[in-house]
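Tertiary structure, described
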Amino acid sequence: MTSVLNDSPFVRACRGQDVPHTPVWFMRQAGRSLPEYRKIREGIGMLESCRRPELVTEITLQPVRRHGVDAAVLYSDIVVPIAAAGVDLDIVPGTGPVVADPIRTEKDLDRLRPITADDVSFVAESVRLLVGELGATPLIGFAGAPFTLASYLIEGGPSRTYTKTKAMMYGEPGLWHALLTRLSGITLAFLRTQIEAGVSTVQLFDSWAGALSEADYREYVLPHSREVLAGLSATGVPRIHFGVGTAVLLKAMGEAGADVVGVDWRTPLDQATQLIGPRRAVQGNLDPAVLFASWDVVEREARRVLDQGRAAPGHIFNLGHGVLPDTDPAMLTRLVELVHKVSAR
Ligand SMILES: Cc1c2[nH]c(c1CCC(=O)O)Cc1[nH]c(c(CCC(=O)O)c1C)Cc1[nH]c(c(CCC(=O)O)c1C)Cc1[nH]c(c(C)c1CCC(=O)O)C2
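Residues numbered from 1 in each chain as written. Predicted model: local features only at pLDDT ≥ 70, side-chain atom pairs only at ≥ 80, totals over all residues. Heavy atoms only, no water.

For the record, the criterion: UniProt positions are given in the numbering used here, feature names are shortened, and annotations may be inferred rather than shown by experiment.
As annotated in an unreviewed UniProt entry, the chain carries the name Uroporphyrinogen decarboxylase and is attributed to Paractinoplanes globisporus. UniProt, in the comment section headed Function (unreviewed entry), describes the chain in these words: "Catalyzes the decarboxylation of four acetate groups of uroporphyrinogen-III to yield coproporphyrinogen-III."

Okay, structure coming up:
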């Protein structure tokens, strides 16, 4: 595939190369903050919407048109490949993924078969349509990392304490590693399908890894995330790795092998760079809640993020986590303009 868009500011920043301005996009830029999204999704379930390439294309393009961001992010969800692998699940509005029959035993692993490109052909079709529409704007593909996916499969839904997840991790390490090995395979196949169809970059979301200590992360999670990221290295497509609440994990997450480490708002980017090391770019990290304050505050905080981002070899401006549903989209448009203006070289 030749559509990596190596000269775009976004891909250049991922590689730590010089850029005309700091590129900016937002996690969850497509979604409920946009009235045009709420309208087009009326009466269509979340998973169903992910399986319709024309709809995926339109929803992915909405924030690109509206905000002028430097990258599009494929409209999909981290549980899409898990559903394709045979797990009965749904995405419940206001809650998130809910698994009908959670995976807790050796026998339950049978319900999680490997996936082939055919199982997610609608994703490849969506990527091809999008690459055709986007022109010079890169498309980011993504997947959930093995730990975050495992947490939904074992808990049966979102969790605050991850008690069942950790019970398996500590109590049945053999089963734990078998489950995460299976999930690595599924994630890798899902990301390869997106890369072959033409995405310019991929992001591996380990959103809930911040629930772990560094020692446990290294023992139970890092080897599996590393397997996924290493499995993509031959493609040459830049890899972003992101989690929330990862202040103590940033060094280890950097070692997992991504080109870019995403940082939440709790760790200043200059401090994050010290932990991650000088060879990797960073992405982040304005607190999404700051967008509910006045514009002066947003501007001050965005300038601080840009200043602190200069410590890294490459910086991609983003929020520290996803856009919150009640965010005023006009704030996001104005923020993109500000980032471009302030960072122009
Ligand atoms: C943990 C996680 C999930 N999904 C995802 C993650 C990792 C990112 C993160 O940490 O936020 C990833 C994801 N999910 C979605 C995207 C689309 C691309 C984008 O960022 O614009 C991405 C990148 C669409 C979505 N995924 C979901 C929505 C909202 C549902 C809707 O609009 O009906 C969207 C636009 C549903 C979902 N799916 C999930 C959650 C927690 C929710 C929210 C539940 C809710 O508050 O309703 C699981």
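1. A look at the overall build of the chain
The condition that has to hold: For helices the rule is a DSSP run of H or I covering at least 4 residues; for strands it is a run of E covering at least 2, with both sets numbered from the N terminus onward. Using C-alpha atoms as the atom set, the radius of gyration is obtained and then compared with a globule rule of 2.2 Å times the number of residues to the power 0.38. In this description, contact between two residues means that some pair of their heavy atoms is separated by no more than 4.5 Å. Accessible areas in this description were obtained via Shrake-Rupley with a 1.4 Å probe; residue shielding takes into account the shown protein chains only. Under the counting rule used here, the positive set is Lys and Arg, the negative set is Asp and Glu, and His together with the chain ends is not counted. Charged groups are reduced to one reference atom each: NZ for lysine, CZ for arginine, CG for aspartic acid, CD for glutamic acid.
Summing up its helical and strand segments, the chain has 14 helices and 9 strands in all. Rg of the C-alpha trace for the chain: 19 Å, near the compact-globule value of 20 Å for 345 residues, within the 12% margin. Of the contacts formed within the chain by residues at least 6 apart in sequence, a portion of 73% connects residues at least 24 apart. With an accessible surface of roughly 13,700 Å², the chain has 51% of that area assigned to carbon and sulfur atoms. Averaging the coordinates of the 35 positive side-chain charges in the chain and doing the same for the 39 negative ones gives two points 2 Å apart.

2. Digging into the side chain of threonine 148
Going by this rule: Think of a polar contact as two N or O atoms within 3.5 Å of one another; within protein, one of them needs to be a possible hydrogen donor and the other a possible acceptor, and neighboring residues in sequence only count if both atoms come from side chains.
With respect to the helices, strands and loops of the structure, threonine 148 is situated in helix α7 (residues 146-155). A polar atom in the side chain of threonine 148 sits 2.6 Å from the side chain of aspartate 206. With residues up to four places along the chain from it excluded, the contact list for threonine 148 reads Ile78, Phe205, Asp206, Ser207, Trp208 and Ala209.

3. Description of the environment of alanine 256
One can find alanine 256 in the loop between α11 (250-255) and β7 (260-262). Considered as a pair, alanine 256 and leucine 222 are 34 residues apart in the sequence and their alpha carbons are 6.1 Å apart. Once residues lying within four places of it in the same chain are set aside, the contact partners of alanine 256 are Tyr217, Leu222, Ser225, Arg226, Leu229 and His241.

4. What to know about the packing of aromatic side chains
Here is the rule: Here is the rule: rings of Phe, Tyr and Trp (six-membered ring for Trp) pair when centre to centre is within 6.5 Å. Planes less than 30 degrees apart are stacked, more than 60 are edge-to-face, and the remainder are tilted. The buried label applies to any residue whose accessible area, calculated with a 1.4 Å probe on protein chains only, is under 20% of its type's maximum; exposed applies above 50%, and partly exposed to all values in between.
Counted under the stated rule, the structure contains 6 aromatic pairs. Relative to tyrosine 75, the ring of tyrosine 37 lies with its centre 5.8 Å away and its plane at 65°, an arrangement referred to as edge-to-face. Placement of the pair is tyrosine 37 in helix α2 (residues 35-40) and tyrosine 75 in the loop between β1 (72-73) and α5 (80-84), with a sequence separation of 38 residues. Its relative accessible area of 5% is what places tyrosine 75 among the buried residues.

5. A look at the site of the ligand
We apply this condition: The near set for a molecule or strand comprises every residue that places at least one heavy atom within 4 Å of it. The definitions used throughout rest on a 1 Å grid laid over the protein atoms alone, on which a cavity is an enclosed set of points accommodating a 1.4 Å probe that cannot get out and a pocket is an open set flanked by protein within 12 Å on both sides along at least five of seven lines; lining residues are those having an atom within 4 Å of a point. The way we define it, a molecule is inside a pocket or cavity when more than half of its atoms are within 2 Å of that pocket's grid points. Each residue gets one label: Ala, Val, Leu, Ile, Met, Phe, Trp, Tyr, Cys and Pro are nonpolar, Asp, Glu, Lys and Arg are charged, and the others, such as Gly, are polar.
Close to the ligand lie 25 residues; Arg28, Tyr37, Gly94, Ser207 and His321 are nearest. Arginine 41 places a polar side-chain atom, nitrogen or oxygen, 3.1 Å from an oxygen atom of the ligand. Within the side chain of aspartate 77, an N or O atom sits 2.8 Å from a nitrogen atom of the ligand. Relative to its unbound accessible surface of 870 Å², the ligand loses 92% to contact with the protein. Applying the majority rule of atoms within 2 Å of the grid points places the ligand in the largest pocket. For the shell around the ligand, the per-class residue count stands at 14 nonpolar, 7 polar and 4 charged.

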